[in-house]
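# Summary of structural features
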Amino acid sequence: AAAVSKALGRQRGLGFVDLDARPPDPALLSLDDVPRYLSHGLLPWRRTGAVLTYAVVDPTRAPQGLSCLGARPALCCAVVVTRAALERAIMRRFGTALAERAAHRTPAPESVRSLGHLRRVAILSFVLVLGWLVLGGETAILSGLAGLCLINTVTAGVRVAAVVAGSRFRDTPPRGPPALHEPGLSETALPMVSILVPLYREAHMIPQIVAALARLDYPRERLDVRLLLEEDDSDTRTAAREAALPGWVSVVVVPAGRPRTKPRAMNYALDFCRGEIVGIFDAEDHPASDQLRRVVAMLAAAPREVAAVQCQLAYHNGCENWLSRCFQIEYAIWFDVLLRGFEVLGLPIPLGGTSVFFRRDALISVGGWDAHNVTEDADLGMRLHRRGLRTLVLRSVTLEEANCRLAPWIRQRSRWLKGYLLTWLCHMRDPARLYRELGGRGFFGLNVLFGGAAVAYLAMPLFWASLVAWLFTGSTAWHGAVPGWLLWPLSFSLVMGQMVMVGCAALALRRRGEDALLWCVPTLPLYWTLGALAAWKAILELAVAPFYWDKTRHGVSRQRPVETPVPLVLERRPVGGSGDASARWKRVAQRSV
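The structure displayed is predicted, hence computed values, not measured ones.

Attention shifts here to the pattern of salt bridges. Taken as a whole, this structure holds 26 salt bridges when the rule is applied. The partner of Arg433 in a salt bridge is Glu437, with the nearest N and O atoms 2.8 Å apart. Of this pair, Arg433 and Glu437 both sit in helix α15 (residues 431–458), separated by 4 residues, roughly a single helical turn. For Glu437, a relative accessible area of 29% translates into the label partly exposed. The shortest N-O distance in the salt bridge between Lys537 and Glu541 comes to 2.5 Å. In this pair, Lys537 and Glu541 both sit in helix α18 (residues 524–544), 4 residues apart, roughly one turn of the helix. The class for Glu541 is buried, based on a relative accessible area of 11%. Each of Arg411, Lys418, Lys537, Glu541 and Asp550 takes part in one network of salt bridges that share partners.

Below, the structure written as structure tokens:
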């Protein structure tokens with residue numbers, strides 16, 4: 001990069017400066033102008049009398065940048081620098097301030113950091129309601145059971161509606177500009193795509209994720225990959241320095257600060273992204289090779305109100321053990337059944353934390369990610385929808401690693417459920433405004449998605465208590481205390497809630513061609529019971545550690561990912577039951593968008 005910049009400087013009759021050795025004068029720099037410095041690739045470097053010298057990355061774009069900064073060209077001169085050196089100079093001067101800004105990028109009224117009193121009131125209310133249900137006698141029991149019956153029935157009804165609507169799902173728009181699909185054609189017309197890869201204590205994952213991204217079919221000069229490392233993570237920083245990173249991969253070191261979360265790191269890096277499209281991958285991800293082209297094509301053909309594209313996720317170690325098999329089925333339900341239906345129904349879509357892509361301007365306009373929310377992805381999906389922006393689901397698969405150990409699975413699920421509860425509280429702090437912005441359908445959908453999911457997990461012990469009592473005594477645990485008008489609807493609701501999810505699982509596996517996992521579907525109620533443990537843990541953490549990020553460790557699976565992921569189409573046909581990741585999928589040529 002330095003050699004290219006030196007040659008460019010000679011061509012334009014300008015000098016070259018190494019900003020690492022000769023940094024800019026700090027007095028000339030302004031924090032408020034940082035977005036302009038990065039956008040136009042220039043910054044003030046030295047002042048000599050009345051003449052101000054600017055360090056510029058591209059001299060041909062310098063006049064526009066100078067105009068934006070209000071500079072007088074007659075009193076300016078320029079030296080050429082590399083983009084990487086310019087970014088490092090900005091980080092050295094303003095890193096701490098930018099990190100603080102990243103922690104508060106989302107406006108306070110839309111962030112969980114400002115819940116404060118409301119969160120304490122919610123916890124106290126939950127405790128009081130729980131105590132009333134336990135000690136309040138027959139009236140309390142009847143009220144609680146009636147409420148549970150209603151919530152469970154509504155949640156099951158939404159899932160049934162999603163199944164029906166999802167049958168009409170298509171990747172929309174049907175096809176983007178042809179040049180975006182054809183490798184090697186009109187490469188210069190392709191937009192710059194920035195990819196954020198947050199890493200924390202994952203030095204061993206750097207070679208794997210770089211190799212996976214290297215298999216993406218996208219011009220390297222239009223690819224801007226950023227590895228996000230924490231300042232105090234010396235091992236991962238050392239591994240990144242020692243790795244032979246390609247030129248299209250750069251490292252962003254996030255200054256120490258609170259909260260130390262993935263969304264804070266992404267907010268910090270967002271200022272330095274060069275792409276008009278910004279995507280996210282996790283350390284263990286293996287995206288389909290044509291995923292970027294298909295995302296770009298979809299956004300190019302979609303109206304501007306489409307701000308995000310969510311790709312599908314699956315696991316390369318989905319057959320490692322019973323837990324990973326159930327996790328694989330759960331992802332199939334979510335991505336192949338429910339999300340399809342949510343898009344068709346026009347419900348707000350909780351985004352996933354990886355393989356999701358945004359129009360950069362839309363992402364910035366909504367305040368980026370909430371750095372204090374431990375499910376920043378789901379929250380961002382809601383905030384986009386509240387502003388009239390849409391998310392499309394793309395049938396392009398990214399393989400990642402399933403959490404296949406019990407204790408880490410519970411911790412991960414607890415973080416997700418805690419984030420769902422925080423997101424629900426955050427958006428419901430002003431129900432009237434939420435209703436105006438989302439409309440009746442969106443308001444209803446948000447409450448079912450977040451409130452219904454939490455209640456379903458929290459109520460699992462009740463389901464098992466009633467089932468065991470019925471098996472051993474022939475009656476429910478509350479037989480005699482609950483009138484028939486409530487007993488039968490409640491029992492039907494609990495059973496049907498489980499049956500709807502089991503049916504969704506079977507449908508999802510058929511769509512994915514994973515018939516070999518159908519034997520695992522009847523065991524899902526046991527799997528969801530583990531979710532109940534996580535839900536009660538989430539309630540406790542909501543009270544004592546709401547912003548604590550329980551990090552999931554990657555690279556622990558005994559099954560290694562396939563070396564050369566290829567585009568996937570998940571056909572509706574049985575596939576052999578081999579546990580090897582390369583044998584579990586039916587690989588055929590990916591259909592175009």
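On we go from here.
Turning next to the packing of helix α13 (residues 376–386) against α15. It is at 10 Å that the axes of α13 and α15 come closest, and there the two elements cross at 150°. The angle between the axes of α13 and α15 places the two elements in the roughly antiparallel class. Considering only the axes of α13 and α15, their crossing is right-handed. Across from Ala378, Met382, His385 and Arg386 in α13, the residues of α15 making contact are Arg433, Leu434, Glu437, Leu438, Leu446 and Phe450. Tallied by class, residues from the contact of α13 with α15 come to 6 nonpolar, 1 polar and 3 charged.

A full pass over the atoms with the stated rule returns 0 disulfides. You can see Cys319 has no disulfide; the closest cysteine sulfur is in Cys520, sitting 9.0 Å from it.

Strands sit in the order β7-β6-β5-β8-β11-β10-β12-β9 across an open sheet of 8 strands; the sheet is mixed. Edge positions in the sheet fall to β7 (249–254) and β9 (286–287), since each has one partner strand and no second. Pairing geometry for strand β10 (residues 306–315) and strand β11 (residues 356–359), over 3 bridges, is antiparallel. By the bridge assignment for β11, Gln310 is matched with Val356. Seen against the sheet, helix α11 (residues 322–345) touches β10 and β12 (390–400) and runs at an angle of roughly 155° to β10.

The geometry of two aromatic rings is summed up by the distance between their centres and the angle between their planes. Under the defined criterion, the tally for this structure stands at 14 aromatic pairs. Judged by centre distance (5.8 Å) and plane angle (80°), the rings of Phe281 and Phe357 are edge-to-face. Remark: Phe357 occurs in strand β11 and Phe281 occurs in the loop between β8 (277–280) and β9; sequence separation between them is 76 residues. For Phe281, a relative accessible area of 0% corresponds to the buried category. These aromatic residues form a ring-pair network of at least three members: Tyr315, Trp322, Phe327, Tyr331, Phe335, Trp409, Trp416 and Tyr527. The ring of Trp248 carries Arg220 above its face, with NZ or CZ at 4.9 Å from the centroid.

Time to look at the nonpolar core. Ranked by internal contacts, the top residues of the largest apolar core, which has 67 residues, are Ile329, Ile333, Phe342, Leu524 and Tyr527. Of the residues forming this core, the biggest block, 12 residues, is contributed by α11. Setting aside residues up to four positions removed in sequence, Phe342 forms contacts with Val158, Ala162, Trp334, Leu347, Ile349 and Leu449.

Here we take up the side chain of Arg383. Within the secondary structure, Arg383 is located in helix α13. The buried category is assigned to Arg383, whose relative accessible area is 1%. Within polar-contact distance, the side chain of Arg383 engages the backbone oxygen of Val366 at 2.6 Å. With residues up to four places along the chain from it excluded, the contact list for Arg383 reads Thr106, Glu110, Val366, Gly367, Gly368, Trp369, Asp370 and His427.

How each quantity is defined
Each chain has its residues counted from 1, running along the sequence as written. For this predicted model, a pLDDT threshold of at least 70 governs which residues receive local features, and a threshold of 80 or more governs which side-chain atom pairs are given and counted, while totals over whole chains, interfaces and linings are taken from all residues. Based on all heavy atoms of the structure, the side-chain values leave hydrogens and waters out of the count. What counts as a salt bridge is simple: a side-chain nitrogen of Lys or Arg found within 4 Å of a carboxyl oxygen of Asp or Glu. The helix count covers DSSP runs of H or I at least four residues long, the strand count covers runs of E at least two residues long, and both are numbered beginning at the N terminus. Note on exposure labels: buried denotes an accessible area under 20% of the residue type's maximum, exposed denotes more than 50%, and partly exposed covers the range between, all computed with a 1.4 Å probe on protein chains only. Fitted lines through C-alpha atoms give the axes, limited to the stretch in contact for helices. The angle between two N-to-C directions lies from 0 to 180 degrees. We call two directions roughly parallel when the angle between them is under 35 degrees, roughly antiparallel when it is over 145, roughly perpendicular when it lies between 65 and 115, and oblique otherwise. Crossings are sorted by hand: turned counterclockwise from the far helix by less than a right angle, the near helix makes the crossing left-handed, and turned clockwise it makes it right-handed. The contact rule is simple, with two residues in contact once any of their heavy atoms fall within 4.5 Å. Residue polarity follows a fixed list, in which Ala, Val, Leu, Ile, Met, Phe, Trp, Tyr, Cys and Pro are nonpolar, Asp, Glu, Lys and Arg are charged, and the others, Gly among them, are polar. Note on terminology: disulfide denotes any pair of cysteine sulfur atoms within 2.5 Å. The rule for pairing is simple: two strands pair if DSSP sees at least two bridges between them. Only Phe, Tyr and Trp rings take part, Trp by its six-membered ring, and two of them pair if their centres are within 6.5 Å. Stacked means planes under 30 degrees apart, edge-to-face means over 60, and tilted covers everything else. Note on criteria: charge over ring means Lys NZ or Arg CZ within 6 Å of the ring centre, with the direction from the centre no more than 35 degrees off the ring normal. Only buried residues count toward a nonpolar core. Its members are Ala, Val, Leu, Ile, Met, Phe, Trp, Tyr and Cys residues joined through side-chain atoms within 4.5 Å. Pairs of N or O atoms within 3.5 Å make up the polar contacts considered here, provided that, within protein, one atom can donate a hydrogen while the other can accept it, and that residues adjacent in sequence are counted only when both atoms are side-chain atoms.

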